[in-house]
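Topology and contacts: notes
Residue-level listing of the chains:
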Amino acid sequence: MSRFFLRFGRIGAVAGDAPELMLQKQFLVYLGGAMSLGGIMWGSLALWQDLLLAAVIPYGYTVVTFFNFLGFQLRKNFRIAKFVQIVISLLLPFMFQYSLGGFANTGSVMLWALISLVAAFTFENLQNMLFWLFLYVALTV
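The residue count restarts for each chain, going from 1 along the sequence in the order it is written. pLDDT decides what is reported in this predicted model: residues at 70 or higher carry local features, side-chain atom pairs at 80 or more are listed and counted, and totals for whole chains, interfaces and linings draw on all residues regardless. Calculated side-chain values reflect all of the structure's heavy atoms, with hydrogen atoms and water omitted.

Brief notes about the layout of surface pockets
The distinction between a cavity and a pocket rests on a 1 Å grid over the protein atoms alone: a 1.4 Å probe fits inside a cavity but cannot get out, while a pocket stays open yet meets protein on both sides within 12 Å along at least five of seven lines, and a residue with an atom within 4 Å of a point counts as lining. Grid points are joined across faces, edges and corners, and a volume is the space filled by probe spheres set on the points. Considered as a void within the structure, the largest pocket measures approximately 320 Å³ in volume. What lines the largest pocket is a set of 15 residues, among which Phe4, Phe8, Gly33, Ser36 and Phe69 lie closest to the centre. Only DSSP runs of H or I with at least four residues qualify as helices, and only runs of E with at least two residues qualify as strands; both kinds are numbered from the N terminus onward. Of all the elements in the fold, those that place two or more residues in the lining of the largest pocket are α1 (2-9), α2 (19-48) and α3 (52-75). A total of six residues in the lining of the largest pocket trace back to one element, the largest contributor, which is α2. Side-chain classes follow a simple rule in which Ala, Val, Leu, Ile, Met, Phe, Trp, Tyr, Cys and Pro form the nonpolar group, Asp, Glu, Lys and Arg form the charged group, and the remainder, Gly included, forms the polar group. Residues that form the lining of the largest pocket fall into these classes: 11 nonpolar, four polar and no charged.

Laid out in structure tokens, this is it:
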């Protein structure tokens, strides 16, 4: 099992990556993997409640993450992989929440999106962080 996690953490790795960059790549991959598990959990809960259309959104998160990481492994373009992962990590939880009736009914889904916002802060400069924060607040409102 530890071999799997080591291999999983090397997605997108390039020989000669600086230690800081390698750590950022690993963080992106592990966070995307953890949030995909959350997507499977939310999708399964939605299916259990017979909310078929709503379940597509968190399951879709997992599928998009898989293809994003596949592309990351093949192209080694961290900038694109990071952007795609942050966008889907912010937008899809809000879409899921909206499909369930909005913030008042599903405040706990906000935690899923909040994790992605914190992750975005670890990757980005101040200008980009402000953009992601604005998007998060706008979607919440």
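Considering the packing of aromatic side chains
The geometry of an aromatic ring pair is captured by the separation of the ring centres together with the interplanar angle, meaning the angle of the planes. Aromatic contacts are taken between Phe, Tyr and Trp rings whose centres are within 6.5 Å, Trp giving its six-membered ring; a plane angle under 30 degrees counts as stacked, one over 60 as edge-to-face, and the others as tilted. With the rule as written, the count across this model stands at six aromatic pairs. Measuring from ring centre to ring centre gives 5.7 Å for Phe4 and Phe8, while their planes differ by 15°; the resulting arrangement is stacked. A residue pair is termed a helical-turn pair when its members lie 3 or 4 positions apart in one helix, as Phe4 and Phe8 do in helix α1 at four residues. Taking 6.4 Å as the distance between ring centres and 70° as the angle between the ring planes, the aromatic pair formed by Phe8 and Phe69 counts as edge-to-face. You can see Phe8 sitting in helix α1 and its partner Phe69 sitting in helix α3, a full 61 residues away along the chain.

Some points on the pattern of salt bridges
It is possible for side chains bearing opposite charge to pair when their charged atoms get close. Salt bridge, as used here, is a side-chain nitrogen of Lys or Arg placed within 4 Å of a carboxyl oxygen of Asp or Glu. One pass over the full model with this rule turns up one salt bridge. Where Asp17 meets Lys25, a salt bridge forms, and the shortest distance between an N and an O atom there is 2.9 Å. Throughout, exposure labels follow a simple rule: accessible area from a 1.4 Å probe, protein chains only, divided by the maximum for the residue type, with under 20% read as buried, over 50% as exposed, and the rest as partly exposed. Take Lys25: its relative accessible area is 2%, and that puts it in the buried class.

A word on the packing of α3 against helix α4 (residues 78-99)
Viewed as axis vectors pointing N to C, α3 and α4 meet at an angle of 180°, and their least axial separation amounts to 9 Å. In terms of axis orientation, α3 runs roughly antiparallel to α4. On the side of α3, the interface is formed by Ala54, Ile57, Pro58, Gly60, Tyr61, Val64, Thr65, Asn68, Phe69, Phe72 and Arg75, while α4 contributes Phe78, Ile80, Ala81, Val84, Gln85, Ile88, Ser89, Leu92, Met95, Phe96 and Ser99. Residues belonging to the contact of α3 with α4 are distributed by class as follows: 15 nonpolar, six polar and one charged. Here an angle of 0 to 180 degrees is reported between the N-to-C directions of two axes, which are lines fitted to C-alpha atoms, with helices fitted over the stretch in contact. Throughout, the term roughly parallel applies to angles under 35 degrees, roughly antiparallel to angles over 145, roughly perpendicular to angles from 65 to 115, and oblique to all others. Here, residues are in contact when the closest pair of their heavy atoms is within 4.5 Å.

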